[in-house]
Amino acid sequence: MKSTIQTLLVFWSAMLLLCSSSLSAQNLYRKDCIYLICRGTKQKVGLIAEKYNLKDPHITHVGIGLWVRKKFMIYHVINDRNGPSDLVIESLAGFKSPQDLFYLSIWACAISKKEQLRLYEILQSYSKQKITFDTDFKAQNKKLYCSEFCVEVLEKLNNKKFHFVKNKQTLDFFSSKILEREVIEYYPVDFFRNNPNFKKIFEQNIN
């Protein structure tokens, strides 16, 4: 019964979002949800989405969104900012700022009050660390790429509800030369697509 109610609440959130002509933080009003905020940029779509995603041909980057002190903030790891850490905490407007942005989607999962508090604690812990983007996409090297960061946070939050398996794929010639190996094991940017807890509540193609 509880699961049915949570599903209905997420569905109602989706209806409000889909009826809105423009997306803003105010649309994401449900504080008892964890959000995965996804974007696609033209520069990376051919390198990432079309080759290495599970299902989605558009998503090239993902972050975790939640409400923090009455503000909707997105936590994501990226390697094109100059700062003390590659973990960026910014507004929805900031996340949507790349000039070559062509796609945006948002996925939601209802969580309990206890999970809300735990999620905030986990993200605060990461925010106090110096996170380095993992350009080698290797496990156990104390570096993180965007989807790997999201997986770590979700599995720390609830490893029964959120458990993800790495994808294994043979690299093309160009990628194998850069990464110096022929096979890669990684979490795709759309790693959550096989988890039934996440429901898509918003999607936008941007010209």
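So, here is what we can say about the structure in this document. In this text, all values refer to a predicted model and were calculated from it rather than measured experimentally.

### Quick word on the pattern of salt bridges
Move 1: This structure, assessed with the given rule, holds 5 salt bridges.
Move 2: Here Lys-51 makes a salt bridge to Asp-172, at a shortest N to O gap of 2.8 Å. Of this pair, Lys-51 sits in helix 3 (residues 49-52) while Asp-172 sits in the loop between strand 6 (167-170) and helix 7 (173-179), placing them 121 residues apart in sequence.
Move 3: Under the relative-accessibility criterion, Lys-51 is labelled partly exposed at 38%.
Move 4: In this structure, the salt-bridge partner of Arg-193 is Asp-56, at a minimum N-O distance of 3.7 Å. Placement of Arg-193 in the loop between strand 7 (183-186) and strand 8 (199-205) and of Asp-56 in the loop between helix 3 and strand 2 (61-68) is noted, with a sequence separation of 137 residues between them.

### What about unusual backbone geometry?
Move 1: In this structure, Phe-137 takes a positive phi of about 55° despite not being glycine.
Move 2: Counting through the fold element by element, Phe-137 comes out in the loop between helix 5 (113-127) and helix 6 (146-157).
Move 3: We classify Phe-137 as partly exposed; its relative accessible area is 27%.
Move 4: Unusually for a residue other than glycine, Glu-180 sits at a positive phi of about 60°.

### Comments concerning the sheet that holds strand 1 (residues 33-41)
Move 1: Overall, antiparallel pairing links the 6 strands, which are arranged 4-3-2-1-5-8 in an open sheet. Bordering the open sheet on either side are strand 4 (87-90) and strand 8, each of which pairs with just one other strand. Strand-to-strand, the axes of this sheet are offset by a mean angle of 25°, without reference to chain direction.
Move 2: Examined bridge by bridge, strand 5 (residues 101-110) and strand 8 share 6 bridges and lie antiparallel to one another. When the bridges of strand 8 are listed, Ser-105 appears paired with Glu-203.
Move 3: Packing against the sheet, helix 5 makes contact with strand 1, strand 2, strand 3 (71-77) and strand 4, and its axis sits at approximately 120° to strand 2.
Move 4: Running over the sheet, helix 6 touches strand 1, strand 2, strand 3 and strand 4 and is turned about 45° from strand 2.

### What about the layout of surface pockets?
Move 1: By volume, the largest pocket amounts to about 770 Å³.
Move 2: Forming the boundary of the largest pocket are 29 residues, of which Leu-47, Ile-48, Tyr-52, Thr-135 and Phe-137 lie nearest the centre.
Move 3: Where the lining of the largest pocket is concerned, the elements lending two or more residues are helix 2 (42-45), helix 3, helix 6, helix 7 and strand 7.
Move 4: For the lining of the largest pocket, the element with the highest residue contribution is helix 7, accounting for 4 residues.
Move 5: The residue makeup of the lining of the largest pocket, split by class, is 18 nonpolar, 8 polar and 3 charged.
Move 6: For the lining of the second largest pocket, the element with the highest residue contribution is helix 5, accounting for 5 residues.

What counts, and where the lines are drawn
- Residues numbered from 1 in each chain as written.
- Predicted model: local features only at pLDDT ≥ 70, side-chain atom pairs only at ≥ 80, totals over all residues.
- Heavy atoms only, no water.
- Salt bridge = Lys/Arg side-chain N within 4 Å of Asp/Glu carboxyl O.
- Helix = DSSP H or I, 4+ residues; strand = E, 2+ residues; numbered from the N terminus.
- Buried < 20%, exposed > 50% of the residue type's maximum accessible area, 1.4 Å probe, protein only.
- Pairing = 2+ DSSP bridges.
- Axes fitted to C-alpha atoms, helices over the stretch in contact; angles between N-to-C directions.
- Contact = heavy atoms within 4.5 Å.
- 1 Å grid on protein atoms, 1.4 Å probe; cavity = no way out; pocket = protein on both sides within 12 Å on 5 of 7 lines; lining within 4 Å.
- Points joined across faces, edges and corners; volume = space filled by probe spheres on them.
- Nonpolar A, V, L, I, M, F, W, Y, C, P; charged D, E, K, R; others polar.

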